[in-house]
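Working through the structure, step by step
The lines below spell out each chain.
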Amino acid sequence: MDKEEHFELLRESAAEVQELQDHLQMIRKQEAELQADRVATLDKLKTARKARFARITAAVEDRVPKAQVARELNMDRTNLYKLLDGKEEAGDA
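Residues numbered from 1 in each chain as written. Predicted model: local features only at pLDDT ≥ 70, side-chain atom pairs only at ≥ 80, totals over all residues. Heavy atoms only, no water.

**Overview of the overall build of the chain**
Secondary structure summary: the chain contains 3 helices and 0 strands in total. Secondary structure elements of the chain occur, N-terminal to C-terminal, as α-α-α. The C-alpha radius of gyration of the chain comes to 28 Å, more than 25% above the 12 Å expected for a compact globule of 93 residues. C-alpha atoms of the chain, sized along the principal axes, occupy 90 × 30 × 15 Å. Per-residue burial over the chain gives 9% buried out of 93 residues. With the model as given, the accessible surface of the chain reaches about 8100 Å², and the carbon-plus-sulfur share is 53%. (Helix = DSSP H or I, 4+ residues; strand = E, 2+ residues; numbered from the N terminus. Rg over C-alpha atoms; globule rule 2.2 N^0.38 Å. Buried < 20%, exposed > 50% of the residue type's maximum accessible area, 1.4 Å probe, protein only. Areas by Shrake-Rupley, 256 points an atom, 1.4 Å probe, with all protein chains shown as cover.)

Written out as structure tokens, the structure is:
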């Protein structure tokens, strides 16, 4: 094998490595964008849950039956009761 053939193989190897590094960089960028989207979505979810909880407590305070509230939310009654019990415990603290 002469010098030019070695250089050609070296260039091919370098190009392959560069292509893989570029692909990994693109993946890292996508991961960062997804992570930012995840954090923003979690913040929105937290806000939405607080709003839902406020509406639940308002309905219960206005004497809407808890079972009916749970049905409207497609929520198991046990989970609703636990959610409300957590509110009462937080209010006592």
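**With respect to the confidence of the model for the chain**
Considering every residue of the chain, the mean pLDDT works out to 91; 92% of them sit at 70 or more. Helix α3 (residues 77-92) is the least confidently modelled element of the chain, averaging 74 in pLDDT, while helix α1 (residues 3-61) averages 97, the highest of any element. Contacts from residues 89-93, a stretch scored under 50 in pLDDT, to residues over four places away or in other chains number 0 contacts. (pLDDT = per-residue confidence, 0-100. Contact = heavy atoms within 4.5 Å.)

**Describing the nonpolar core**
When a protein is soluble and globular, its nonpolar side chains tend to lie buried together. Formed by I56, A59, V69, A70, M75, L80 and L84, the largest nonpolar core amounts to 7 residues. Elements represented by at least two residues in this core include exactly α1, α2 (66-72) and α3. Excluding anything up to four places from it in sequence, L80 contacts I56, K66, V69, A70 and M75. (Core = buried A, V, L, I, M, F, W, Y, C linked by side-chain atoms within 4.5 Å.)

**A short note on α1**
Counted at 1.5 Å a residue, the expected span for α1 with its 59 residues is 87 Å, and the 86 Å between its end C-alpha atoms agrees. Taken together, the buried positions of α1 are I56, T57 and A59. (Expected span 1.5 Å × (residues − 1).)

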